[in-house]
2 protein chains.
Amino acid sequence: MTESDAVRAANLEFYRAFTTRDIKGMDRIWARNAMILCTHPGWVPLSGRAAVMASWRNILANPDAPAVMCHDDIAFLYGEIAVVLCEEELSGGHLAATNVFIKEDGDWRIMHHHASPILTRALPQRRRSVN
Amino acid sequence: MTESDAVRAANLEFYRAFTTRDIKGMDRIWARNAMILCTHPGWVPLSGRAAVMASWRNILANPDAPAVMCHDDIAFLYGEIAVVLCEEELSGGHLAATNVFIKEDGDWRIMHHHASPILTRALPQRRRSVN
């Protein structure tokens, strides 16, 4: 397994815990030593294990929490840090996610998650003033 | 100047280039050696210097491009990588931003930007089934 495969496997484990509402699995996949961060869709950023894990407990305890499928996941490696960009497919639409991982004790663990709605797939056209 | 101050200064230089539509300054602040990534609000993720810088040329060439003010910026250091979480204030609303920096040749340069609308400042309430 390459490092890139290992990061993508950790990313999929994050989504498995999310979709199966596995709060213990969600806790395991987050970094233990590094400061953790999280920006849920529409939210202000959260930082620190207490705030981030409380947000996940709230989300996963919600019986209406959506199932989430991850696709188009690509891992980018920067030494002991990796960034996965992927799309999240929910019943309500598609989100673009940034998931940042850090290597701790030989394992890739997530230390930041930021997801936001995808509203367009077209590049914006360059607009010029006619004056 | 601490490392944290240096990262926040690089972050402010990113917003200065954005608000003054300084495409050369914007080009300078992005990493040159590391793979760069960018998820604009509502967009799918972009990767690679060609795609990311083309998106910025389009945005900064737009005479209707908004001025952006950054506030509540906090830098988190992870060795040669740093993450800044901040809010962006635009005429149309507020965004939550994740800006990831990498140290190259002694300078902190941005290698990922992800911004998304803030829709709520309240934590979601835990909802339970009544059954």
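Throughout, a residue's number is its position along its own chain's written sequence, starting from 1. Starting at A for chains and at 1 for ligands, labels are handed out in the order in which the entities are written. The predicted nature of this model means local features are confined to residues of pLDDT at least 70 and side-chain atom pairs, given and counted, to a pLDDT of 80 or more, with totals for whole chains, interfaces and linings taken over all residues. As a rule here, side-chain values come from all non-hydrogen atoms in the structure, and water together with hydrogens is ignored.

A.B. asks: Would you mind going over the interface of chain A and chain B with me for this structure?
C.D. replies: Of the residues lining the interface, 41 residues belong to chain A; the matching set on chain B comes to 40 residues. Of the roughly 3700 Å² buried between chain A and chain B on both sides combined, carbon and sulfur atoms contribute 68%. Salt bridges are defined as contacts in which a side-chain nitrogen from Lys or Arg sits within 4 Å of a carboxyl oxygen from Asp or Glu. Inspection of the region where chain A meets chain B yields 0 salt bridges. N or O atoms within 3.5 Å of each other form a polar contact, as long as, within protein, one can give a hydrogen and the other can take it, and as long as residues adjacent in sequence are counted only when both atoms are side-chain atoms. Counting every contact that joins chain A to chain B gives 12 residue pairs in polar contact (both at pLDDT 80 or more). Elements with a contribution of two residues or more to the side of chain A that touches chain B: strand S1 (37-39), strand S2 (46-47), helix H3 (49-61), strand S3 (69-78), strand S4 (81-90), strand S5 (93-104) and strand S6 (107-117) of chain A. Runs of H or I in DSSP of at least four residues are treated as helices and runs of E of at least two as strands, each being numbered from the N terminus. Sort the elements by how many residues they give to the side of chain A that touches chain B and S6(A) lands first, with 6 residues. Contacts were defined at the residue level, with two residues in contact if any of their heavy atoms lie within 4.5 Å. The quantity reported as buried area is the accessible area (1.4 Å probe) lost by two parts once they are put together, taken as the sum for both.

A.B. asks: Even after reading the chapter, I still don't get the packing of helix H1 (residues 3-19) of chain B against helix H3 (residues 49-61) of chain B, so can you show me in this structure?
C.D. replies: The angle between the axes and the distance between the axes are what describe a pair of packed helices. All names here are of chain B. For helices, the axis comes from a line fit to the C-alpha atoms of the stretch in contact; other axes are also lines fit to C-alpha atoms, and the angle between any two N-to-C directions lies between 0 and 180 degrees. Two elements in contact, H1 and H3, have axes separated by 9 Å at closest approach and are oriented at 50°. In terms of axis orientation, H1 runs oblique to H3. Facing Phe14, Ala17 and Phe18 of H1, the residues of H3 in contact are Trp56, Ile59 and Leu60. The residue classification treats Ala, Val, Leu, Ile, Met, Phe, Trp, Tyr, Cys and Pro as nonpolar and Asp, Glu, Lys and Arg as charged. All others, Gly included, are polar. Per-class residue counts for the contact of H1 with H3 are 6 nonpolar, no polar and no charged. When describing relative orientation, an angle under 35 degrees is termed roughly parallel and one over 145 degrees roughly antiparallel, while 65 to 115 degrees is termed roughly perpendicular and anything else oblique.

A.B. asks: Sorry if this is basic, but what is going on with the pairing of S4(A) here?
C.D. replies: The side chains of a regular strand alternate, residue by residue, between the two faces of the sheet. Residue and element names in this part refer to chain A. Each residue's exposure class comes from its accessible area (1.4 Å probe, protein chains only) as a fraction of the maximum for that residue type: buried when under 20%, exposed when over 50%, partly exposed otherwise. Taken across its 10 residues, S4 has 9 buried, putting it largely inside the fold. Pairing between S3 and S4: 8 bridges, direction antiparallel. What sits directly across from Ile74, in S4, is Leu85. Strand pairing is assigned whenever DSSP detects at least two bridges linking the two strands. If you look at the hairpin formed by S3 and S4, you'll find 2 residues sitting between the two strands, and Gly79 has a positive phi there, around 70°. Relative to S5, S4 runs antiparallel, the two being bridged by 10 bridges.

A.B. asks: Before we go on, may I ask you to explain the environment of A:His112 in this structure?
C.D. replies: Mapped onto the fold, A:His112 is located in strand S6. Counting along the chain gives 73 residues from A:His112 to A:Thr39, while the straight-line C-alpha distance between them is 7.9 Å. Sequence-distant contacts of A:His112, that is, excluding residues within four places in its chain, are made with A:Trp30, A:Leu37, A:Cys38, A:Thr39, A:Thr98, A:Asn99, A:Val100, B:Val83, B:Leu85 and B:Thr98. For A:His112, the side chain forms a polar contact with the side chain of B:Thr98, separated by 2.8 Å.

A.B. asks: Can you walk me through the sheet that holds strand S4 (residues 81-90) of chain B in this structure?
C.D. replies: Sheet strands pair via backbone hydrogen bonds, and the direction of the pair is either parallel or antiparallel. All names here are of chain B. Read across the sheet, 6 strands follow the order S2-S1-S6-S5-S4-S3 without closing on themselves; strand pairing throughout is mixed. Every interior strand has two partners, whereas the edge strands, strand S2 (46-47) and strand S3 (69-78), have only one. With 10 bridges connecting them, strand S5 (residues 93-104) and strand S6 (residues 107-117) associate as antiparallel partners. The residue bridging Ile102 from the neighbouring strand is Arg109, located in S6.

A.B. asks: Hey, could you run me through the sheet that holds S4(A) in this one?
C.D. replies: All names here are of chain A. An order of S2-S1-S6-S5-S4-S3 is seen for the 6 strands of this open sheet, with the pairing classed as mixed. The two strands at the open ends of the sheet, each matched to only one other strand, are S2 and S3. The sheet contact formed by S1 and S6 spans 3 bridges and is parallel. Residue pairing across strands places Thr39 opposite His114, the latter belonging to S6. In the packing of helix H1 (residues 3-19) onto the sheet, the strands contacted are S3, S4, S5 and S6, and the crossing angle to S3 comes to about 140°.

A.B. asks: Mind showing me how you'd approach the relation of the copies chain A and chain B here?
C.D. replies: Relating one copy of the chain to the other takes a rotation about an axis and a shift parallel to that axis. Laying chain A over chain B is done by rotating through 180° and shifting 0.0 Å along the axis; what remains is an RMSD of 0.0 Å. On this basis, the relationship between the two copies can be described by a two-fold rotation axis. For chain A, the minimum C-alpha distance to the rotation axis belongs to A:Ser116 and amounts to 2.8 Å. By residue overlap, the copies meet face to face through one surface: 98% of the interface positions of chain A are interface positions in chain B. Only residues with pLDDT of at least 70 in both copies contribute their C-alpha atoms to the least-squares superposition of the copies.

A.B. asks: Explanation requested: the confidence of the model for chain A in the structure shown.
C.D. replies: Close reading of the predicted structure is inappropriate where its pLDDT is low. Averaged over every residue, the pLDDT of chain A is 92; residues scoring 70 or more account for 92%. Quick note on the complex model: pTM equals 0.92, ipTM equals 0.90. pLDDT is a per-residue confidence score from the predictor, ranging from 0 to 100.

A.B. asks: Just checking my understanding: could you explain the environment of A:Glu13 for this structure?
C.D. replies: All names here are of chain A. Considering the arrangement of structural elements, one finds Glu13 in helix H1. Under the relative-accessibility criterion, Glu13 is labelled partly exposed at 26%. Taking the C-alpha atoms as reference points, Glu13 and Arg121, 108 residues apart in sequence, are found 27 Å from one another. Setting aside chain neighbours within four positions, we find Glu13 in contact with Gly25 and Ile29. A distance of 2.9 Å separates the side chain of Glu13 from the side chain of Arg16, its partner in a polar contact.

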